[in-house]
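Analysis of the macromolecular model
Below, each chain spelled out in residue letters.
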Amino acid sequence: MTGIARAFRALAAAGAALLAVTAAAPVATARPEPKAPPEFVDLRSVDPTIITEMRYITPHNFMGEPVDGYRQPVCILTRPAALALRTAQRSLLRQGYSLKVYDCYRPQRAVDHFVRWAKDLDDQSMKGEFYPMVDKTRLFEDGYIAEKSGHSRGSTVDLTLVKLPARPTRPYVPGERLAPCYGPKSERFPDNSVDMGTGFDCFDTLSHTDDPRVQGAQRANRQFLKSTLAGLGFVNLAEEWWHFTYKPELFPDTYFDFPVARRSVAGH
C-alpha cells in the first residue's frame, strides 16, 4: 500500500469515528416556554371594557425597568377571578366607573427579579417615588418584597377605580423627576384613577387600606372598591388598598412561571 493510500485510509477512519460520535451526541434544542393551564384566560376575552395598565412591562415601577417574564400588556387570571371582575365591572359601569388593572398573574421569574433588585442596595433609582421613607435594607423585613407571591397562583389582581369618561394618561419618561407616591394627587405621577390617597405600589403605611390618616374622599374611594369586590369573593390585603385575591383559589399551592403573553393562554 502506498503512503498516499494509507493516508486516505486513515482520514476515512477518522471521519467515520467523528460521525459516530456526532450521531451519539444529544441534539441541543430550545426548551419551549411553559403555557398556562386551561383554567387561565386573558381578561380582555372575558370583559374588554376593563381598563388595562400593566405597569411591570414598563419602566414605571419601583425597579425602574421592565420586569422579567412580562412580554405583553395582558392581564391573565384564572377564569373564576376574571368572571367575578366582569360582574363587578357591570355594576360599576352603571355607576359611572370602571375598573383598571395594574397587575394580574405574575410569573415566578418576575418575583425572582424583585428579589435580586431588593438585594442590590446600590440600585435606588426609583426611591423618590415608590419608597421615599423606607430604607431598602428593610424591604424583606417589612414585607414589601418576598420570595413568593400570591399573584403567581393566578387569582390575585392589583387594581383601582377610574371615573368615566376615562382620561388618557401620559407615559412615564425614564429619568424624569420623581414625586413621592404618598403626596397629594396633584403632585404625584398623573394617573386617571380616582384618588386613593397613594399611588399604586407605594411602599408606605399610608397604603394600608384602613390607615386612619386616610380620610374623606380618599377613604370613601378605598371602601367603595373594597365593598364592590368583597361581595363577589375578593379578599383585600390589608397592607395594600389595590391588592385583591379571589377566593377560593383554583391553585392555592402552585406558583406558575409561564410568561405574561397572549400565547400563554392562546385557545383558552
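Shown above is the structure to which this text applies.
Model, not experiment: these values are computed from the prediction.

**Observations regarding the pattern of salt bridges**
A complete count under the given rule lists 18 salt bridges for this structure. For Asp68, the salt bridge is made with Arg116, and the minimal N-O distance between the two is 2.8 Å. Of this pair, Asp68 sits in the loop between β2 (51–52) and β3 (76–78) while Arg116 is found in helix α4 (residues 108–119), placing the two residues 48 residues apart along the sequence. Across the pair Arg106 and Asp158 runs a salt bridge, and its minimum N-O distance is 3.6 Å. Of the two residues, Arg106 is situated in the loop between β4 (97–103) and α4 and Asp158 in strand β5 (residues 156–163); the sequence distance between them amounts to 52 residues. Owing to a relative accessible area of 8%, Arg106 belongs among the buried residues under this scheme.

**Comments concerning helix α6 (residues 216–230)**
The terminal C-alpha atoms of α6, which comprises 15 residues, lie 21 Å apart, in line with the 21 Å expected from a rise of 1.5 Å per residue. Taken together, the buried positions of α6 are occupied by Asn221, Arg222, Phe224, Leu225, Thr228 and Leu229. Down the axis of α6, the smallest arc covering the buried residues is 155 degrees, so these residues share one side. Those residues of α6 that are buried lie in contact with α3 (79–94), β4, β5, β6 (234–236) and β7 (243–246).

**What to know about unusual backbone geometry**
Note that the residue after Leu164, namely Pro165, is joined by a cis bond; omega there is 0 degrees. Structurally, Pro165 can be placed in the loop between β5 and α6. Cis geometry is found at the peptide bond from Lys247 to Pro248, where omega equals -5 degrees. The residue Pro248 is located in the segment after β7 in this model.

**What about the state of the cysteines?**
Inspection of the entire model under this criterion finds 2 disulfides. Cys75 shares a disulfide with Cys104; S-S distance 2.0 Å. Residues Cys75 and Cys104 are joined through a disulfide that is left-handed, its torsion about the S-S bond being -105 degrees. With a gap of 29 residues between them, Cys75 in the loop between β2 and β3 and Cys104 in the loop between β4 and α4 connect regions that are remote in the sequence. The exposure class of Cys75 is buried, given its relative accessible area of 2%. Here Cys104 falls in the buried class, since its relative accessible area comes to 0%. The side chain of Cys181 participates in a disulfide bridge whose partner is Cys202; the two sulfur atoms lie 2.0 Å from each other. Between Cys181 and Cys202, the disulfide has an S-S torsion of 65 degrees and is therefore right-handed.

Rules used throughout
- Residues numbered from 1 in each chain as written.
- Predicted model: local features only at pLDDT ≥ 70, side-chain atom pairs only at ≥ 80, totals over all residues.
- Heavy atoms only, no water.
- Salt bridge = Lys/Arg side-chain N within 4 Å of Asp/Glu carboxyl O.
- Helix = DSSP H or I, 4+ residues; strand = E, 2+ residues; numbered from the N terminus.
- Buried < 20%, exposed > 50% of the residue type's maximum accessible area, 1.4 Å probe, protein only.
- Expected span 1.5 Å × (residues − 1).
- Arc of directions from axis to C-beta.
- Contact = heavy atoms within 4.5 Å.
- Disulfide = S-S within 2.5 Å.

Interpretation note: all reported values are geometric properties and have no functional meaning in isolation.
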